[in-house]
Amino acid sequence: MKKTAVLLAALIAAASLAGCSDKLSDDYVTVNEYKGIEVEKVEVTETTEEEIDKVVARMMEGYVAQHDLPEDTQITDEIVKETLSDTAETVEEYRADLRRQIDAAKEDAAREKIETRAWEQVIDKTEVKSYPKDRIKEVKKHLEGQYEAYAKEAGMEYEAYMEALGMTDKELDKAAKASVKQELAADVIADRYGLKPNEEAFQKALEEYAEEYKFANTDLLLEAVSEEEMRLLVTQDNVKSWIADRCKLVEASEETKAEDSEEEADKADTKANEDGKATAR
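None of the values given here were measured: they were computed from a predicted structure.

Conventions and cut-offs
- Residues numbered from 1 in each chain as written.
- Predicted model: local features only at pLDDT ≥ 70, side-chain atom pairs only at ≥ 80, totals over all residues.
- Heavy atoms only, no water.
- Helix = DSSP H or I, 4+ residues; strand = E, 2+ residues; numbered from the N terminus.
- Buried < 20%, exposed > 50% of the residue type's maximum accessible area, 1.4 Å probe, protein only.
- Contact = heavy atoms within 4.5 Å.
- Areas by Shrake-Rupley, 256 points an atom, 1.4 Å probe, with all protein chains shown as cover.
- Core = buried A, V, L, I, M, F, W, Y, C linked by side-chain atoms within 4.5 Å.
- Polar contact = N/O pair within 3.5 Å; in protein donor to acceptor, adjacent residues only side chain to side chain.
- Salt bridge = Lys/Arg side-chain N within 4 Å of Asp/Glu carboxyl O.
- Pairing = 2+ DSSP bridges.
- Axes fitted to C-alpha atoms, helices over the stretch in contact; angles between N-to-C directions.
- Patch = residues over 30% accessible without salt bridge, like charges linked within 9 Å, V, L, I, M, F, W, Y side chains within 5 Å.
- Lys, Arg positive; Asp, Glu negative; His and termini not counted.
- Charge placed at Lys NZ, Arg CZ, Asp CG, Glu CD.
- Expected span 1.5 Å × (residues − 1).
- Arc of directions from axis to C-beta.

## Thoughts on the overall build of the chain
- On a plain count of helices and strands, the chain comes out with 11 helices and five strands.
- Counting all 281 residues of the chain, 33% fall into the buried class.
- Here the analysis covers contacts within the chain between residues at least 6 apart in sequence; of these, 76% occur between residues at least 24 apart.
- Summing over all exposed atoms, the chain offers an accessible surface of approximately 18,000 Å²; the carbon and sulfur share of this is 50%.

Next up, the structure:
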């Protein structure tokens, strides 16, 4: 009777440990860690008047050039209302709109960095058992197509362009495997937690991508990138977001803070400038 109780306790303990395991596995990969990843915090700085001034100056440069005005032409309520904004009617309102856009851009950039840091750790700790050979070939062919397009834009032959980059065939293989590894890891996590988009969510994601990358509609986006590739991309986005929601934020080093602050300013400035152009009439 005593031996039975001991055996039962051992079985229960083993089952409990198995249930708590964070590992996920299929025929291709084992994801060893994906919950509670420790990630350095990303500090979001307060938007300054100087940052807003830079965006206003860029917008006025375009306005001045378009209307053949003196370079020292100052922004006015009339310029804002008639040309620079569809919503603001005064310079003050326009600057407030720009502040909100820059704030939002900084928040987005910080979130993106956290997702990237967490995902990199997941991938680093993922073991590949085997690669689907057909998919590796497909991804490598796609990469070659991209580099061929870059070579054409540069007015160079493909081989000469790749040699100039120092990109060998082996490195293309390595890049293809790195890309497929991410797909495989995302797939096993998405299957476990139901993170693959349904049709409604997929269409919404397509619309967001089309807007972000300046496609007039989702049909044109899908002409540039296949539906299969977009579904893989949206699934990865969902997985990265899910992992970031469950990561543990730790204090960043001073070096990381300085790097983040510089990148944040660049990205926020660019995004706010793009948003300003999008709202200008």
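Read on for the rest.
## Re the nonpolar core
- In terms of nonpolar packing, the biggest core is built from 36 residues, with V31, Y34, W119, V122, I189, V239 and I243 touching the most fellow members.
- If you list the elements that add at least two residues to this core, you get strand 2 (29-31), helix 4 (91-124), helix 5 (133-153), helix 6 (158-165), helix 7 (169-193) and helix 10 (227-245).
- Among the elements that line this core, the one with the most residues is helix 7, at nine residues.
- Apart from the residues lying within four places of it in its own chain, the contact partners of W119 are Q182, A185, A186, I189, Q236, V239, K240 and I243.
- Counting 15 residues, the second-largest nonpolar core is a separate cluster that includes M60, V80, Y94 and I102.

## Details of the side chain of T30
- Following the sequence through the fold, T30 ends up in strand 2.
- The buried category is assigned to T30, whose relative accessible area is 13%.
- In this structure the side chain of T30 is engaged in a polar contact, spanning 3.0 Å, whose partner is the side chain of S25.
- In contact with T30, not counting residues within four places along its chain, are K23, L24, S25, K125, T126, E127 and K129.

## Looking at the pattern of salt bridges
- Here the structure, examined in full by the defined rule, presents 18 salt bridges.
- Measuring nitrogen to oxygen at the nearest pair gives 2.7 Å for the salt bridge that ties R95 to E49. Residue R95 is found in helix 4, and its partner E49 is found in helix 2 (residues 49-67); the two are separated by 46 residues along the sequence.
- A salt bridge links D97 to R100; its shortest N-O distance comes to 2.3 Å. Here D97 pairs with R100, and both are found in helix 4, just three residues apart, close to one helical turn.
- Given the relative accessible area of 17%, D97 is considered buried.
- Look at the salt bridges and you will find they share partners, linking E49, D53, R95 and R99 into a network.

## With respect to the sheet that holds strand 4 (residues 126-128)
- If you trace the three strands from one edge of the open sheet to the other, you get 1-2-4, paired in antiparallel fashion. The sheet is open, and its two borders are formed by strand 1 (24-25) and strand 4, each paired with just one other strand.
- Inspection of the sheet shows strand 2 paired to strand 4 by three bridges, in the antiparallel sense. Among the inter-strand pairings, T30 is bridged to a residue of strand 4, identified as E127.
- Where helix 7 meets the sheet, it contacts strand 1, strand 2 and strand 4, and its direction lies at approximately 65° from that of strand 2.

## Points about a negative patch on the surface
- A contiguous patch of negative charge, built from E46, D103, E107, D108, E112, E207, E208, E211 and E212, is present on the exposed surface.
- At the level of secondary structure, the elements contributing two or more residues to the negative patch comprise helix 4 and helix 8 (199-212).
- With respect to the helices, strands and loops of the structure, E212 is situated in helix 8.

## Some thoughts on helix 8
- With 14 residues, helix 8 extends 20 Å from end C-alpha to end C-alpha; this agrees with the ideal 20 Å at 1.5 Å per step.
- Looking at helix 8, one finds that the buried residues are F202, A205, L206, Y209 and A210. Each buried residue of helix 8 sits inside an arc of 140° when the element is viewed along its axis, so together they form one side. Facing away from the buried surface of helix 8 by more than 90 degrees, the exposed residues are E200, K204, E207, E211 and E212.
- Those residues of helix 8 that are buried lie in contact with helix 9 (218-224) and helix 10.
- At the C-terminal side of helix 8, K214 shows a positive phi close to 65°.

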